[in-house]
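Spelled out, the chains give:
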Amino acid sequence: VAIMCASVTVNQLTENKPAMAASVWDLLQRDYAIPWAAVNSHFVLGLLGFMWLIATKGYFMGGGPAAFGLAMSGLTVMISIVNRGVASGGGRAGQRYGKSIVGLLQSYITLLWNRSRESFGPLEFIAVGLFLGSSIMCAKNVWEKIQS
């Protein structure tokens, strides 16, 4: 998702002449708020998801709690780095998405919610359904593995 949003946005920036803005931040907030939040959110979630996969794979492949703990230590450091970056934002008050990764995701979800109320097509509906159904099945599968 991050790559798709970034690619489409770069194409829009090169193919269309955006109206002048006081700063890059103003341009992003005015014309590209959702793609900017999407790229940041999905890139971070992808890295965190990758670390989670490493942790669970290590746990289930015989490493047990020790392998899980090592991967989780890396995950917590990554979250700390992201939290600092989100909190500092653009360096000035009002030029950030929140105080932590939670604020970043909350901003992104709010932007998506507002956009979905304007236009929500059949592919977005299918994507949400697939995401929810797959998440439930995945959680159930992990729970069964832990129980056995």
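Residues numbered from 1 in each chain as written. Predicted model: local features only at pLDDT ≥ 70, side-chain atom pairs only at ≥ 80, totals over all residues. Heavy atoms only, no water.

Draft legend 1. A look at the overall build of the protein chain. Each helix and strand counted, the protein chain has five helices and zero strands in total. Order of helices (α) and strands (β) in the protein chain, N terminus to C terminus: α-α-α-α-α. Taking 2.2 N^0.38 as the reference for a compact globule, 148 residues should give roughly 15 Å; the C-alpha atoms of the protein chain span a radius of gyration of 19 Å, well beyond that estimate. Viewed in the frame of its principal axes, the protein chain has a C-alpha envelope of about 60 × 40 × 25 Å. For the protein chain, long-range pairs separated by at least 24 residues make up 47% of all intrachain contacts whose partners lie at least 6 apart in sequence. When the accessible area of the protein chain is evaluated, it comes to approximately 10600 Å², of which 69% is carbon and sulfur surface. (Helix = DSSP H or I, 4+ residues; strand = E, 2+ residues; numbered from the N terminus. Rg over C-alpha atoms; globule rule 2.2 N^0.38 Å. Contact = heavy atoms within 4.5 Å. Areas by Shrake-Rupley, 256 points an atom, 1.4 Å probe, with all protein chains shown as cover.)

Draft legend 2. Fine view of the packing of aromatic side chains. Applying the stated criterion across every chain yields a total of three aromatic pairs. For the ring pair Trp 52 and Phe 68, a centre distance of 5.5 Å and an interplane angle of 80° mean the geometry is edge-to-face. Among the residues examined, Phe 68 registers a relative accessible area of 25% and is labelled partly exposed. An angle of 85° between the planes, with centres 5.2 Å apart, marks the rings of Tyr 59 and Phe 60 as edge-to-face. (Phe/Tyr/Trp six-rings, centres within 6.5 Å; stacked < 30°, edge-to-face > 60°. Buried < 20%, exposed > 50% of the residue type's maximum accessible area, 1.4 Å probe, protein only.)

Draft legend 3. Representation of the packing of helix α3 (residues 33–88) against helix α4 (residues 101–118). For the pair α3 and α4, interaxial distance at closest approach is 8 Å and the crossing angle is 125°. The angle between α3 and α4 falls in the class oblique. Remark: the crossing between α3 and α4 carries left-handed chirality. (Axes fitted to C-alpha atoms, helices over the stretch in contact; angles between N-to-C directions. Parallel < 35°, antiparallel > 145°, perpendicular 65-115°, else oblique. Left-handed = near helix turned anticlockwise from the far one by under 90°.)

Draft legend 4. Molecular detail of the confidence of the model for the protein chain. Summing up the model confidence of the protein chain, the mean pLDDT is 87 and the portion of residues at 70 or higher is 96%. Here helix α2 (residues 24–31) is the element of the protein chain with the lowest mean pLDDT, 84, and helix α5 (residues 122–147) is the one with the highest, 92. (pLDDT = per-residue confidence, 0-100.)

Draft legend 5. A look at α4. With 18 residues, α4 should cover 26 Å at 1.5 Å per step; its first-to-last C-alpha distance of 26 Å lies within 8% of that length. Of the residues making up α4, those classed as buried are Ile 101, Gly 103, Leu 104 and Tyr 108. The elements touched by buried residues of α4 are α3. (Expected span 1.5 Å × (residues − 1).)

Draft legend 6. Looking closely at the nonpolar core. In terms of nonpolar packing, the biggest core is built from 16 residues, with Val 44, Leu 48, Leu 75, Val 82, Tyr 97 and Ile 101 touching the most fellow members. Excluding residues that lie within four positions of it along the chain, Leu 75 makes contacts with Leu 48 and Met 51. (Core = buried A, V, L, I, M, F, W, Y, C linked by side-chain atoms within 4.5 Å.)

Draft legend 7. Representation of the side chain of Ser 41 in the model. Considering the arrangement of structural elements, one finds Ser 41 in helix α3. A residue is classified by how much of its surface remains accessible, and Ser 41, at 1% relative accessible area, is buried. At a separation of 2.8 Å, a polar atom in the side chain of Ser 41 contacts the main-chain carbonyl oxygen of Ala 37. Not counting residues within four places of it along the chain, the set of residues in contact with Ser 41 comprises Leu 104, Leu 105 and Tyr 108. (Polar contact = N/O pair within 3.5 Å; in protein donor to acceptor, adjacent residues only side chain to side chain.)

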